[in-house]
Amino acid sequence: MTSVQVRQFTCLQDNFGVLVHHPESGTTVAIDVPDAKAYIAALHATGWSLSHILITHHHWDHIGGLNELVEATGAHVTGPERSRQKIAGMNNAVEDGDDILVGPLKIKAMATPGHTLDHISWWFTEEGIAHTGDTLFALGCGRLFEGDAEMMWSSLSHLVRQLPPETKIYCGHEYTQANAKFALSIDPTNEKLKMRASQINELRAKGEATLPTTIAEELETNPFLRAADPAIQQSLGLEGEELAIVFAEIRKRKDNF
């Protein structure tokens, strides 16, 4: 496992900006660009030079600063093939399972549609980190704007099958405190969730980020990954139902929470 440094910072209101820096080569990767100025400030603070940008999906709050940041840095942009016509300025496009080399960093593109049809999650396979955009959040998952519940359940299951439990997960938004309140409403007897919710409240009270999380932590506490849990199925009145149906009910309840 190679050594990288990760810089996470707030963009817009509740988006995260993320920079991944490989000190030996100087390679620096931005994941999504909600706001160019926030990225430029972070680059200035670290002294890093941006070399690459990876895009998860076409929504404005993930690419709104892309052109400005490319103009300022000349970074090479890679994003989803499905949105080649929607995202101006991409140099390269990927599909599910594609492996790319960014400097010395080996990164796998994982198609995770549901929130949008073009969504790509990025797995830095040797660094033990992944960026799941707006597919998997800490204690949550993205709204279903373009896909459906079955598609999103398949994408989340894909992440869980592929990513080792210890993988550190970064994502697009700081939604964790609100997600924790909802999670407790349908999984109220989960002691690990109760403990995590308390820790989250402490972090947010100090203005600190709740990310990164890990796959292992999400499997224990994130209801959107726990459709098979008997306690959650009982809470929803869906004992023994197909997991995609249980997931769909969880997503519906979160939408109306």
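Residues numbered from 1 in each chain as written. Predicted model: local features only at pLDDT ≥ 70, side-chain atom pairs only at ≥ 80, totals over all residues. Heavy atoms only, no water.

A. Main features of the pairing of strand 1 (residues 5-11). When strand 1 meets strand 2 (residues 15-22), the two strands line up antiparallel, connected through 7 bridges. Bridging across to strand 2, Arg7 finds its partner in Leu19. In sequence, strand 1 turns back onto strand 2 through a hairpin of 3 residues, with Leu12 there showing a positive phi of about 50°. (Pairing = 2+ DSSP bridges. Helix = DSSP H or I, 4+ residues; strand = E, 2+ residues; numbered from the N terminus.)

B. Just the packing of aromatic side chains, in detail. Scanning the model with the defined rule gives 6 aromatic pairs in all. Geometrically, the ring pair formed by Phe182 and Phe257 is edge-to-face, given 5.3 Å between the ring centres and 75° between the ring planes. Of this pair, Phe182 sits in helix 5 (residues 176-186) while Phe257 sits in the segment after helix 9 (243-255), and the two are 75 residues apart along the sequence. A relative accessible area of 1% means that Phe182 is categorised as buried. For Phe257, a relative accessible area of 56% gives the class exposed. (Phe/Tyr/Trp six-rings, centres within 6.5 Å; stacked < 30°, edge-to-face > 60°. Buried < 20%, exposed > 50% of the residue type's maximum accessible area, 1.4 Å probe, protein only.)

C. Seen up close, the pattern of salt bridges. Under the definition given, this model contains 14 salt bridges. A salt bridge links Arg196 to Glu217; the nearest nitrogen and oxygen atoms lie 3.6 Å apart. Taken together, the positions of Arg196 in helix 6 (residues 191-205) and Glu217 in helix 7 (residues 215-221) put the pair 21 residues apart, joining distant regions of the chain. By relative accessible area, which is 6% here, Arg196 ends up buried. The salt bridge involving Asp229 is made with Arg226; its shortest N-O contact spans 3.1 Å. (Salt bridge = Lys/Arg side-chain N within 4 Å of Asp/Glu carboxyl O.)

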